[in-house]
Amino acid sequence: MDLRIFTEPQQGATYDTLLTVAKATEDLGFDAFFRSDHYMKMGDVDGLPGPTDAWITLAGLARETRRIRLGTLMTAATFRLPGVLAIQVAQVDQMSGGRVELGLGAGWFAEEHEAYGIPFPEEKFGRLEEQLEIVTGLWGTETGKTYDFDGTHYRLKNSPALPKPAQARVPVLIGGHGATRTPRLAARYADEFNMPFSSVADTERQFGRVRAAAEKAGRPADTLTYSNALVVCVGRDDQEVARRAAAIGREVDELKENGLAGSPAEVVDKIGRYAEVGATRFYLQVLDLDDLDHLELISAQVQSQLA
């Protein structure tokens, strides 16, 4: 069972804070450090000192960590041109010695696009599909040959399809709740399907759709990894759980209903319920990045029980 630390830096974090959390992630035996890809805060936080760019952050962490996997949940397709994204991810993969994973989504937060002058097209899903084809196509093109693409949204001509990632294949993550198009895209392009912030029942239903889409596409369903992203709030006792919930502006009962919250035993039990429907990897959304004791507790009393 892989446990990965997932951060939301747009809520307020410097690169140095992210580096501290990433090093703790590595030292405490977690599998990976992931971050969101957003340029504006959400909810009732000040977001200071302002946003950090996902791939610039990961480039820095690539040189300052040694073991953990590094990636995004999810890079917004609206933020980057696919050819540029392929170069960025390949370079960071080289910088990390082959530890990068690309989560790619359509993009959805209109306000951050408006705030930073980023076009927010009406048709986003078609762009995502073309980006997936282009990025994986560029990486998969044999060195010395060129890559061409003529789509509705993007055109590439005589691309040298360089640079190449360090890995033979950079794992691609696709996620979401869509009932039809999302499973189809996952079946075609993904190494991992991620179900974000969902109940066990909804997770089981969506995993089933992805499995069916994979089989329909002629791909064994078990060639995908199935994962969940869930907010985490663990405490040694009720008072500690309540303190951590208050620090992130949430209610304990709501966190227990919608995330992984409570005592280590409660969290291990709930992870087990997701595992019963096929999840083998969990992205623990850590919202208080200054509380490193929280990570230590999860490592010592949750991860140790799942090893």
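Residues numbered from 1 in each chain as written. Predicted model: local features only at pLDDT ≥ 70, side-chain atom pairs only at ≥ 80, totals over all residues. Heavy atoms only, no water.

1. Things to note about the overall build of the protein chain
The criterion, for reference: Secondary structure is summarised from DSSP: a helix means a run of H or I of at least four residues, a strand means a run of E of at least two, and numbering begins at the N terminus for each. To get the radius of gyration, use the C-alpha atoms; to get the globule rule, take the number of residues to the power 0.38 and multiply by 2.2 Å. Three exposure classes are used, based on accessible area relative to the maximum for each residue type with a 1.4 Å probe and protein chains only: buried under 20%, partly exposed in between, and exposed over 50%. The contact definition used throughout considers only heavy atoms, calling two residues in contact when any of these lie within 4.5 Å. Method for areas: the Shrake-Rupley scheme with a 1.4 Å probe, in which residue coverage is limited to the protein chains shown. Here the positive residues are Lys and Arg and the negative ones are Asp and Glu; neither His nor the chain ends is included. Taken as the charge location is NZ of Lys, CZ of Arg, CG of Asp or CD of Glu.
Of the regular secondary structure elements, the protein chain holds eleven helices and twelve strands. Against the globule reference of 19 Å for 307 residues, the protein chain gives a C-alpha radius of gyration of 19 Å, in line with a compact fold. Seen through its C-alpha atoms, the protein chain measures out along the principal axes to roughly 60 × 45 × 35 Å. Burial status across the protein chain gives 54% buried among its 307 residues. In the protein chain, the share of contacts with a sequence separation of at least 24, taken over all contacts with a separation of at least 6, comes to 73%. Of the accessible surface of the protein chain, which amounts to about 13600 Å², a share of 50% is contributed by carbon and sulfur atoms. Taking the average location of the 33 positive side-chain charges in the protein chain and that of its 45 negative ones, the two points are 7 Å from each other.

2. Description of the nonpolar core
So the rule is basically this: Nine residue types can take part in a nonpolar core, namely buried Ala, Val, Leu, Ile, Met, Phe, Trp, Tyr and Cys, and a core is a set of them joined through side-chain atoms within 4.5 Å.
Core analysis: the largest hydrophobic core is formed by 74 residues, its most contacted members being W55 and V302. Setting aside its immediate chain neighbours within four residues, V302 contacts L3, V234, P264, V267, V268, I271 and L297. Core analysis: the second largest hydrophobic core is formed by seven residues, A32, L73, L173 and A229 among them.

3. A few points about the environment of G178
Here G178 shows up in the loop between β8 (172–175) and α6 (181–189). In this structure the C-alpha to C-alpha distance between G178 and E26, which are 152 residues apart in sequence, comes to 33 Å.

4. A short note on the pairing of strand β7 (residues 155–159)
We count it as follows: By definition, two strands form a pair when at least two bridges between them are found by DSSP.
Pairing analysis gives three bridges linking strand β6 (residues 147–150) to β7, with the strands arranged antiparallel. Bridge assignment links F149 to a residue of β7, and that residue is L156. Hairpin remark: β6 followed by β7, antiparallel, with four residues in the connecting loop.

5. As for the packing of aromatic side chains
The cut-off we apply is this: The pairing test for Phe, Tyr and Trp rings, Trp by its six-membered ring, is centres within 6.5 Å, and the orientation test on the planes gives stacked under 30 degrees, edge-to-face over 60, and tilted for anything in between. Working rule: Lys NZ or Arg CZ, within 6 Å of ring centre, within 35 degrees of ring normal, means a charge sits over the ring.
Throughout the structure, instances matching the rule amount to seven aromatic pairs. One aromatic cluster is present, built from ring pairs that chain together Y39, F79 and Y116. Over the ring of F120 we find K124; its NZ or CZ atom is 4.3 Å from the centre of that ring. Just above the ring of F125 sits the side chain of R181; from NZ or CZ to the centre is 4.1 Å.

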